Amino acid sequence: MSTTVESLSERSAAEVNEEIRALWLRSGGTLSVEQRAEYQRLVLEWAAAPSCVEAA
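Note that the structure is a prediction, hence the values are computed from the model and not measured. (Residues numbered from 1 in each chain as written. Predicted model: local features only at pLDDT ≥ 70, side-chain atom pairs only at ≥ 80, totals over all residues. Heavy atoms only, no water.)

Draft legend 1. Seen up close, the environment of Ser 27. Here Ser 27 shows up in helix α1 (residues 13-27). In this structure the side chain of Ser 27 is engaged in a polar contact, spanning 3.2 Å, whose partner is the backbone nitrogen of Gly 29. (Helix = DSSP H or I, 4+ residues; strand = E, 2+ residues; numbered from the N terminus. Polar contact = N/O pair within 3.5 Å; in protein donor to acceptor, adjacent residues only side chain to side chain.)

Written as structure tokens, this is what we have:
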């Protein structure tokens, strides 16, 4: 699996953040080796994701 930013989906940062939070909840606060790899992939995706914050 590639972890390059170009290969990641076009989900919003909020959607990816929700998945990151769910991962931490499922793990009980301690990530396994596999979960750490998933977390790293999600953080890269989150950083590249379009923000859906609206200007006030």
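Draft legend 2. Here's a closer look at the packing of aromatic side chains. One pass over the structure, following the stated rule, counts one aromatic pair. Consider the rings of Trp 24 and Tyr 39, whose centres lie 5.6 Å apart with planes at 75°: the pair is edge-to-face. Taken as a pair, Trp 24 in helix α1 and Tyr 39 in helix α2 (residues 33-48) lie far apart in primary sequence, 15 residues in all. Note on Trp 24: relative accessible area 32%, which makes it partly exposed. What makes Tyr 39 partly exposed here is its relative accessible area of 27%. (Phe/Tyr/Trp six-rings, centres within 6.5 Å; stacked < 30°, edge-to-face > 60°. Buried < 20%, exposed > 50% of the residue type's maximum accessible area, 1.4 Å probe, protein only.)

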